[in-house]
Amino acid sequence: MNKNLKDLTELISNDSLVSDFEPRGSHDGIYDVSDDAVEILRVLTYNVIMPVLCVMGISGNCLTIVVLKHHGFKDTTNLLLASLAVSDLLYSLLGVVFCVEHFIYPFSIDLYSIISIYISLYLQLWNNAFLSTSVYCVVIIAMERMVAVVFPFKAALIITPTRITVSLVFVFLVCPPLYCLEYLTHDLLILPDTVTNYTYYIPAFSQFYLDNEKFVYMYNNVFLNIVFIGFPILLIMTSAILIVAKLKTSMRKVAGMSSAAHKKRVMDVRAIKITLSLCVCMMVLVLIPTNVTSWYIVYTDYQPFSISSQMVFTFVARVTGPQLNASINFFIYVQTSSKFANTYRKIFLTCTKKTRG
């Protein structure tokens, strides 16, 4: 046997070294789906749904940034929404890379495999980082609105543009590095075979991972889940409940309001609509599905779902949901804020009419 092939065979047979990217579970489960169904869903997800959502996300978030820039960033709400748009834009741009990866699949399985390995090792963590940044942008938005509603007389002292800016800079600087441990856990082995003239690309656990396996496991599956899923769920739900409760109690005081107070209330309600819409989308499309699938796959010994079924969950809960969340905020703003909608019409629809004229 050729020495390279022999070394390759020994390497692949060494379970302690070669990285296994398959989820936990068996190929035969109580709840199973056929391979054909998984393939159809893969094609539908990455070749149809994801490209549409990525285009919506890129165009919608660019339009959002332009409209909010026109409003100015002295208002902390505009600053927060613009930051969320930037994070979602980066997430959508990276989503295009994943779409291109799967477009290659029918034409060259070998090229697809190589690109897929590189993306898994070097780009997936950025995908998670941008998503986590968006999560904490929504957390700050929810907490900012909660303070403004629950403590209206102290809000101006608590919420200042400087403090909001510092919070956002902290989120954008801290979230990505927390995922950088992934760079240390895997190596890419490139093994050329002189007989077949073929080069093997094999993801393998690094020596750092082998020396710190328990730490890496706890960091990735416990610490990151708590920081980027559990903690945001708690903060967003608490803020939303306090906002709704305060809103209900203040409804009784509407009758005796002056015109100025009524105008301010209308603006507050508009901001509350946007905040609650963002919170619901983040909870339903990202945090809850990701939390359920993560804890189920990692911590549950009983696995009634086959690996094929788990792949279906991944397509729906961990791919389509987050990308949909990153793509629909522009439409939420247009529907819930007349000021945003009017500015959008003024900037873009007027320009379109002038161009046609």
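What counts and how
- By convention here, each chain's residues receive numbers from 1 onward along its written sequence.
- The predicted origin of the model limits local features to residues at a pLDDT of at least 70 and limits the giving and counting of side-chain atom pairs to 80 or more, whereas totals for whole chains, interfaces and linings rest on all residues.
- For side-chain calculations, the full set of non-hydrogen atoms in the structure is used, while hydrogens and water are omitted.
- Working definition: helices are DSSP H or I runs of at least four residues, strands are E runs of at least two. Numbering for both runs from the N terminus.
- Accessible area is worked out with a 1.4 Å probe on protein chains only. A residue is then buried under 20% of its type maximum, exposed over 50%, and partly exposed in between.
- Note on contacts: a residue pair qualifies if any of its non-hydrogen atoms lie within 4.5 Å across the two residues.
- In these tables, accessible area is a Shrake-Rupley quantity obtained with a 1.4 Å probe, and a residue counts as shielded only by the protein chains included in the view.
- Each axis is a line fitted through C-alpha atoms, taken for helices only over the stretch in contact, and angles between the N-to-C directions span 0 to 180 degrees.
- In these notes the angle categories are as follows: under 35 degrees is roughly parallel, over 145 is roughly antiparallel, 65 to 115 is roughly perpendicular, and the rest is oblique.
- The residue classification treats Ala, Val, Leu, Ile, Met, Phe, Trp, Tyr, Cys and Pro as nonpolar and Asp, Glu, Lys and Arg as charged. All others, Gly included, are polar.
- Crossing handedness is read from the near helix: turned anticlockwise from the far helix by less than a right angle, it gives a left-handed crossing, and turned clockwise, a right-handed one.
- One bridge is not enough; two strands pair if DSSP finds at least two bridges between them.
- Expected span of a helix, by definition, is 1.5 Å for each gap between consecutive residues, and there is one gap fewer than residues.
- What the bend at a residue measures is the angle between two axes, fitted to the seven residues ending there and to the seven starting there.
- Basic side-chain nitrogens of Lys or Arg form a salt bridge, by our definition, when they fall within 4 Å of a carboxyl oxygen of Asp or Glu.
- Ring pairs shown here join Phe, Tyr and Trp side chains whose ring centres sit within 6.5 Å, with only the six-membered ring taken for Trp; geometry is labelled stacked below 30 degrees between planes, edge-to-face above 60, and tilted in between.
- Every residue carries a pLDDT, the predictor's confidence in it, which falls somewhere between 0 and 100.
- Like charges within 9 Å and nonpolar side chains (Val, Leu, Ile, Met, Phe, Trp, Tyr) within 5 Å are joined into patches, using only residues over 30% in relative accessible area that form no salt bridge.

Our next topic: the overall build of the chain. The secondary structure content of the chain amounts to 13 helices and two strands. For the chain, with 357 residues in total, the buried portion stands at 43%. Put simply, of all contacts in the chain between residues at least 6 apart along the chain, 80% involve residues at least 24 apart. Split by element, the accessible area of the chain, about 19,500 Å² in all, is 68% carbon and sulfur.

For the rest of this paragraph, the subject is the packing of helix 2 (residues 35-71) against helix 12 (residues 329-336). Two elements in contact, helix 2 and helix 12, have axes whose closest approach is 8 Å; the angle formed by their N-to-C orientations is 45°. Relative to helix 12, helix 2 is oriented oblique. From helix 2, Met 56, Gly 60, Leu 63 and Thr 64 reach across to helix 12, where they touch Phe 330, Phe 331 and Tyr 333. When the residues that make up the contact of helix 2 with helix 12 are grouped by side-chain class, the tally is five nonpolar, two polar and no charged.

Attention now goes to the packing of helix 3 (residues 76-104) against helix 6 (residues 161-178). Between helix 3 and helix 6, the shortest axis-to-axis distance is 10 Å and the interhelical angle comes to 15°. Comparing the axis directions of helix 3 and helix 6 gives the class roughly parallel. For helix 3 against helix 6, the interelement crossing comes out right-handed. The segment helix 3 lies against helix 6, with Thr 76, Leu 79, Leu 80, Ser 83, Val 86 and Ser 87 engaging Pro 161, Ile 164, Thr 165, Leu 168 and Phe 172. Here the contact of helix 3 with helix 6 is composed, by residue class, of seven nonpolar, four polar and no charged.

Examined bridge by bridge, strand 1 (residues 186-193) and strand 2 (residues 198-205) share eight bridges and lie antiparallel to one another. Paired with His 186 across the strands is Phe 205, a residue of strand 2. Between the end of strand 1 and the start of strand 2, which pair antiparallel, lie four residues, with Asn 197 showing a positive phi angle near 55°.

This paragraph deals with the environment of Val 139. You can see Val 139 is positioned in helix 4 (residues 109-150). Through-space distance from the C-alpha of Val 139 to that of Ile 236 is 5.7 Å; in sequence the pair is 97 residues apart. Residues contacting Val 139, with those up to four places away along its chain left out, are Pro 232, Leu 235 and Ile 236.

This paragraph deals with helix 9 (residues 213-250). For helix 9, built from 38 residues, the straight-helix expectation of 56 Å at 1.5 Å per residue is met to within 8% by its first-to-last C-alpha distance of 53 Å. Along its length, helix 9 shows its largest kink, about 45°, at Ile 226.

Okay, the pattern of salt bridges next. Tallied over the full model, the rule gives one salt bridge. As a salt-bridge pair, Glu 144 and Arg 145 come within 3.5 Å of each other at their nearest N and O atoms. With relative accessibility at 7%, the residue Glu 144 sits in the buried group.

Looking now at the packing of aromatic side chains. Using the criterion set out here, one finds 14 aromatic pairs in the structure. Centre to centre, the rings of Tyr 118 and Tyr 122 are 5.9 Å apart; their planes meet at 35°, and the pair counts as tilted. Of the two residues, Tyr 118 and Tyr 122 both sit in helix 4, four residues apart, roughly one turn of that helix. Pairing Tyr 344 with Phe 348 gives two aromatic rings, centres 5.4 Å apart and planes at 40°, and the pair type is tilted. Of this pair, Tyr 344 and Phe 348 both sit in helix 13 (residues 338-356), four residues apart, which is roughly one turn of that helix. For Tyr 344, a relative accessible area of 21% translates into the label partly exposed. For Phe 348, a relative accessible area of 23% translates into the label partly exposed. Ring pairing ties together the aromatic residues Phe 330, Phe 331, Tyr 333, Phe 340, Tyr 344 and Phe 348, which thus form one cluster.

This part covers the confidence of the model for the chain. Here the chain averages 80 in pLDDT, and 77% of its residues register 70 or above. Least confident of the elements in the chain is helix 1 (residues 3-13), whose mean pLDDT is 42; most confident is helix 6, at 93. Scored below 50 in pLDDT, residues 1-30 shows 63 contacts in the model against residues more than four places distant or in partner chains.

The next thing to look at is a nonpolar patch on the surface. A cluster of nonpolar residues, Tyr 118, Tyr 122, Trp 126, Tyr 183, Leu 184 and Ile 190, forms a patch on the protein surface that exposes about 530 Å² of accessible area. Sorting elements by how many residues they give to the nonpolar patch places helix 4 first, with three residues.

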